[in-house]
Amino acid sequence: MNGLGAHNQSISMKAIGKFILLDAPEFDAWLDAQPVKRKITLIQHHHTYIPAYKHFNGGNHFSLCQGMERSHRERGFAEIAQNLTTFPDGKIMVCRNLNTIPAGIKGANSNGLCIENIGNFDRTKDSMSTRQQECIVHITRSLLRRFKLTASEQAVVYHHWYDLNTGKRIVKEGTGATKTCPGTAFFGGNTVEAFKTGLLPLLKT
Ligand SMILES: [Zn+2]
């Protein structure tokens, strides 16, 4: 793909500063090599909303992440909020070090790992590509395995399930102050029930 020769497959891995762009198999090799010193019990899924699919041109993975970092800094964060970002082409960007607590979900960050999925997955907005679906399933499974977690609504969580003010899990769908994130059409919906019929079965097969 990059014309640098087939003798070194890892050459397709690209990095600019802390940002590392990987495909799914490279992600697994990278993940296995990471010394992770904090306890991770929650894998958070988000959508970026903006940037959306129309902002992705197939080659601007780094500039999109640099742009998100700029806007997160403007909001007072030390750096880009999420640990990982997925793209419509199925690539993964390592963003915030896994050993650094993310700024993903109020009340769920200290043992959390934050994944931002590029797109607006609210109903009638971006229709998630097959490559991104496969990528999200793949890395979620890899992270569950790496951190010895069982696929469930306790280990894999959506931003929508948390009250933005209290930082607590909402007890009953439709109550509390919530965002739609990761989108009302994310793997069929953003509720716990939708997770159980949409994404969860894909994490178990
Ligand atoms: Zn979110």
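Just above, that's the structure.
One structure accompanies this document, and this report is about it. Just so you know, these numbers come straight off a predicted model, no measurement behind them. Here the residue index of a chain counts from 1 through its sequence in written order. Local features in this predicted model are restricted to residues of pLDDT 70 or higher, and side-chain atom pairs are both shown and tallied only at a pLDDT of 80 or more, whereas totals for entire chains, interfaces and linings draw on every residue. Calculation of side-chain values draws on the structure's entire complement of heavy atoms; hydrogens and water are dropped beforehand.

### Some details on the environment of Leu113
We count a stretch as a helix when DSSP gives it H or I for four or more residues in a row; a strand needs E for two or more, and each element gets its number in order from the N terminus. The residue Leu113 is located in strand β6 (residues 112-117) in this model. Once the C-alpha coordinates of Leu113 and Ile40 are considered, the two residues, 73 residues apart in sequence, prove to be 6.7 Å apart. Leu113 has contacts with Arg38, Ile40, Leu42, Ile43, Gln44, Asn83, Leu84, Leu98, Pro102, Leu143 and Phe147, leaving out every residue within four places of it along the chain. Residues are treated as being in contact if the distance between any of their heavy atoms lies within 4.5 Å.

### Notes on unusual backbone geometry
Here the bond from Ile50 into Pro51 is cis, since omega is 0 degrees, no more than 30 degrees from zero. The peptide bond linking Cys181 to Pro182 adopts the cis configuration, its omega dihedral lying at 10 degrees. Position of Pro182 relative to the elements: it lies in the loop between β7 (156-158) and α4 (192-197). In the Ramachandran plot, Lys148 falls in the positive-phi region, its phi being about 55 degrees despite a non-glycine side chain.

### Observations regarding the nonpolar core
Among buried residues, those of type Ala, Val, Leu, Ile, Met, Phe, Trp, Tyr and Cys that are joined through side-chain atoms within 4.5 Å constitute a nonpolar core. In this scheme, a residue with accessible area under 20% of its type's maximum is buried, one over 50% is exposed, and one in between is partly exposed, where area comes from a 1.4 Å probe on protein chains only. In terms of nonpolar packing, the biggest core is built from 40 residues, with Phe27, Leu84 and Leu143 touching the most fellow members. Counting residues per element, the ones that place at least two in this core are β2 (19-22), α1 (24-32), β3 (42-47), β5 (92-94), β6, α3 (130-146), β7 and α5 (199-204). Sorting elements by how many residues they give to this core places α3 first, with six residues. Ignoring any residue separated from it by four or fewer positions in sequence, one finds Leu84 in contact with Phe27, Ile92, Met93, Val94, Leu113, Cys114, Ile115, Glu116, Ile139 and Leu143. By size, the runner-up hydrophobic cluster in this structure holds twelve residues, among which are Phe56, Phe62, Cys65 and Met93.

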